[in-house]
Amino acid sequence: MRKLSILGSTGSIGKQTLEVVRKASGDFTIEALTCGSDIDTLFEQIKEFRPKVCSVVDPDKASELSGKLRDSGIKIEVLTGKEGNITCATLDSCDTVVGAIVGFAGLEPVYHAVLSGKDIALANKETLVAGGDVIMPLIREKGVMMLPIDSEHSAIWQCLKGERRDDLDRILITASGGPFRGKSRSDMERVTVEDALHHPTWNMGGKITIDSATMMNKGLEIIEAHHLYGIECDRIDVVVHPQSVIHSMIRLKDGSVLAQMGKPSMVLPIEVALYYPERGPSIVTEFDPFDAAMSCLTFEPCDTEVFRLVRLAYEAGKVGGLIPTVMNAANESAVRAFLAGRIGFLDIERTVFETVEKMSPSVSSISLTLESICQTDKEARFFADEIINGNIIK
Ligand code: NAD
Ligand code: MG
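Residues numbered from 1 in each chain as written. Chains lettered and ligands numbered in written order. Predicted model: local features only at pLDDT ≥ 70, side-chain atom pairs only at ≥ 80, totals over all residues. Heavy atoms only, no water.

## Quick look at the site of ligand 1
Near ligand 1 you find 23 residues, and of these Thr10, Ile13, Gly36, Asn85 and Glu126 are the closest. A distance of 3.5 Å is found between an oxygen atom of ligand 1 and a backbone nitrogen or oxygen belonging to Ala123. Protein contact buries 86% of the 820 Å² of open area that ligand 1 shows by itself. If you list the elements that add at least two residues to the shell around ligand 1, you get α1 (12–23) and α6 (125–142). A per-class count over the shell around ligand 1 returns 11 nonpolar, 9 polar and 3 charged. Among the domains, domain 1 (2–148) and domain 2 (151–264 + 276–307) are the pair contributing at least three residues each to the shell around ligand 1. (Near = heavy atom within 4 Å. Polar contact = N/O pair within 3.5 Å; in protein donor to acceptor, adjacent residues only side chain to side chain. Areas by Shrake-Rupley, 256 points an atom, 1.4 Å probe, with all protein chains shown as cover. Helix = DSSP H or I, 4+ residues; strand = E, 2+ residues; numbered from the N terminus. Nonpolar A, V, L, I, M, F, W, Y, C, P; charged D, E, K, R; others polar. Domains from an automatic or database assignment.)

Okay, here's the thing in structure tokens:
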């Protein structure tokens, strides 16, 4: 039985993790739940799953939740701030931490969880993009498990089971193509927030949905796969597959290609991670090879002239060091500004390119530590915000 702390339990992945727990009838216990500010959802989750501790980043919301819980007669410790997440990630009673926070904010709690010997079930790809070079060696040093949740990485992981790493030739990471597949750059100049939030196959949180529209999500996933599977970025190919049935493929050195298939749902990859190395019960609707969607599975290359952030991510992943941290931070700032209606869709890309270009020389000689990663993240956000606010004279 795994004893879970779920970081970011009120989000899309957090809720689906609790759906797995709900259907798993006693295979998991919930030790801690955390969120940013959505205390109404957290309150309902606490009533149902009765964790020992919870944490809300926003201190006002944390005290509001404490009051609600007191009035309902529920005794539970309510923590707050960054420290609250770290305490929940390192609880003695928990053995597995689900990293479902969105963005760089997930890195420090996951780092501390690994340090204190927890297995990590990770959805939060930004943690590996920015911190893969410190997290993965620590995972090995501590002898804990990194259980991927991101669907492509779960697919790759499942295909790799039983294969020798030396036999892996290439990874073929699939992408739906997002809502703007086939559009030109001039089409994309005019798209709205609503258009960009309308994903054709996946229902996810706001930030990753925008990342799917710019295809930065695939760029982040290339770097995520590089860290998880120790493979160079230029041995990872992006394959646009709009039906999202094949979740990724691996090619072995003899030319064999293995794929993992399923409906586009995160419930299964979450279940695979939580039950590893066993297989859990069937809780998703059964795969039907005669389903209409199955009659036409198509594959096309990714147009990196249109979706330029994919190209940038390849370059950032190859150079490594703090460049992926800068790229990720600038992207987070730009996506937030786009969602707030402050910049246009293609300004996301412009902000990220410009931040990476300007900061690359200064970060190239800094050695990689958790501290230097956090400091660089902060500086890159500041820089990107300046670009967004139009404060930089070009
Ligand atoms: P979401 O926006 O729906 O949820 C994010 C969660 O993080 C919420 O519970 C929010 O309260 C919490 N949060 C935000 N800032 C926090 C902070 N500083 N401390 C603690 N909690 C904080 O996001 P999501 O779609 O569930 O995505 C979560 C992560 O999983 C992202 O990194 C995303 O890329 C990855 N992922 C998501 C999906 C998906 O289908 N949603 C698929 C693959 C990977
Ligand atoms: Mg994915």
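## Re the side chain of Glu271
Tracing the chain through its elements places Glu271 in helix α12 (residues 267–275). In this structure, Glu271 is buried with no salt-bridge partner, the nearest side chain bearing the opposite charge being Arg279 at 7.6 Å. Non-local contacts of Glu271, meaning those with residues more than four positions away in its chain, are made with Val20, Gly280, Pro281 and Ile283. (Buried < 20%, exposed > 50% of the residue type's maximum accessible area, 1.4 Å probe, protein only. Lys, Arg positive; Asp, Glu negative; His and termini not counted. Salt bridge = Lys/Arg side-chain N within 4 Å of Asp/Glu carboxyl O. Contact = heavy atoms within 4.5 Å.)

## So, the pairing of strand β8 (residues 168–175)
For a regular strand, side-chain orientation follows a simple rule: the groups alternate between the two sheet faces. With 7 of its 8 residues buried, β8 lies for the most part within the structure. Where β8 and strand β10 (residues 246–252) come together, 4 bridges link them in antiparallel fashion. Note that in β10 the partner of Leu172 across the bridge is Met249. Bridge count for β8 against strand β9 (residues 236–240) is 5 bridges, and the pairing is parallel. When the bridges of β9 are listed, Ala175 appears paired with Val240. (Pairing = 2+ DSSP bridges.)

## Structural notes on the coordination of the magnesium ion (ligand 2)
Here the magnesium ion (ligand 2) is held by the protein donor atoms Asp150 (OD), Glu152 (OE) and Glu221 (OE), which lie 2.0 to 2.2 Å from it. Here the donor residues of the magnesium ion (ligand 2) share one chain and are spaced in sequence as D-x1-E-x68-E. Placement of the pair is Glu152 in helix α7 (residues 151–160) and Glu221 in helix α11 (residues 216–229), with a sequence separation of 69 residues. Neither Glu152 nor Glu221 differs from the other in exposure class; each is buried. (Donors = N, O, S within 2.8 Å, 3.2 Å for Na, K, Ca; no water.)

## Focus: the domain arrangement of the chain
Its domain assignment divides the chain into domain 1 (2–148), domain 2 (151–264 + 276–307) and domain 3 (321–389). Measuring from the centre of the C-alpha atoms in domain 2 to the corresponding centre in domain 3 gives 25 Å. Contact with domain 2, which involves 19 residues of that partner, is made by 14 residues of domain 3. With both chains or domains summed, domain 2 and domain 3 bury close to 1400 Å², and 74% of this area falls on carbon and sulfur atoms. Close ionic contact of Glu189 with Arg350 constitutes a salt bridge, the shortest N to O distance being 2.6 Å. Summed over the shared surface of domain 2 and domain 3, the number is 3 residue pairs in polar contact (both at pLDDT 80 or more). Put simply, the parts of the chain that give the side of domain 2 that touches domain 3 at least two residues each are α8 (185–189), α9 (193–196), α10 (206–214) and α11. Counting residues per element, the side of domain 2 that touches domain 3 draws most heavily on α10, at 6 residues. For the side of domain 2 that touches domain 3, the per-class residue count stands at 12 nonpolar, 3 polar and 4 charged. (Buried area = accessible area lost by both parts, 1.4 Å probe.)

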